[in-house]
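# Observations on the model geometry
Here's the letter readout for the chains.
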Amino acid sequence: MVPKQEQPQVDREAIYTIKEGFHYADINSYKRRTTDRLRFSVVFDSTAIYTTADPDNQGDINKLYGLSDCGSAHHTNSARFGWRWYNGKLELHAYTYFNNERNAAYVGSVTLGEPAICEIRMENKKYVFYLNGKSVSLPRACTGTGEGYQLYPYFGGDETAPHDVTITIRELPEVMI
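Residues numbered from 1 in each chain as written. Predicted model: local features only at pLDDT ≥ 70, side-chain atom pairs only at ≥ 80, totals over all residues. Heavy atoms only, no water.

The next subject is the confidence of the model for the protein. Of the residues in the protein, 92% have a pLDDT of 70 or more, and the chain-wide mean is 92. Counting contacts from residues 1-9, a segment whose pLDDT is below 50, to residues more than four positions away or on other chains yields four contacts. (pLDDT = per-residue confidence, 0-100. Contact = heavy atoms within 4.5 Å.)

For the structure on display, the rule yields 14 aromatic pairs. Aromatic side chains Y24 and Y154 sit 4.9 Å apart centroid to centroid with 75° between the ring planes, which places their arrangement in the edge-to-face category. Note that Y24 is positioned in the loop between β1 (14-18) and β2 (32-35) and Y154 in the loop between β11 (146-151) and β12 (165-171), a separation of 130 residues in sequence. With a centroid separation of 5.7 Å and an interplanar angle of 35°, the aromatic rings of Y30 and Y149 are classed as tilted. Here Y30 is found in the loop between β1 and β2, whereas its partner Y149 is found in strand β11, with 119 residues between them in sequence. Overall, Y149 belongs to the buried group, its relative accessible area being 17%. The rings of Y16, F40, Y65, F81, Y127, F129 and Y152 are connected pair by pair, giving a single aromatic cluster. Taking the ring centre of Y86 as reference, the NZ or CZ of R84 above it sits at 4.0 Å. (Phe/Tyr/Trp six-rings, centres within 6.5 Å; stacked < 30°, edge-to-face > 60°. Helix = DSSP H or I, 4+ residues; strand = E, 2+ residues; numbered from the N terminus. Buried < 20%, exposed > 50% of the residue type's maximum accessible area, 1.4 Å probe, protein only. Lys NZ or Arg CZ within 6 Å of the ring centre and 35° of its normal.)

Here is the structure:
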């Protein structure tokens, strides 16, 4: 008899809604995370298309998904993907805080309605962000396993969501089987 191979535990798919006039997604519970890698697929629909009230804010990066790190608050140390509707495209960015300093780097654009595979690896002194085979690295303040709390979709900086925004996220196993 062949033993049954166990599949890695994966969170269910979640549909996040950021309501018009708000910053935070409707699903936003405190969840402790200890991991060296965060893999997920994301699907944006047409609600991700928006125009900011102040044209200067169109380039602002909204937050997608990630975690605080180094046992600190997320504005001290964290790594997550960010997103924005910019120049007619849905862009994804690496978005971090490194010892209270915000950093961002463009990773790539995604197609509305199609899943994009995202991964953040917590490596020694750096985060490596992967999007559909492309990668970007940003500095990290600590080494070893990432330790903190889950970070969820968030719209803005200065402005709140101009209409309801819906984002579907499914966590993926760390190793494809």
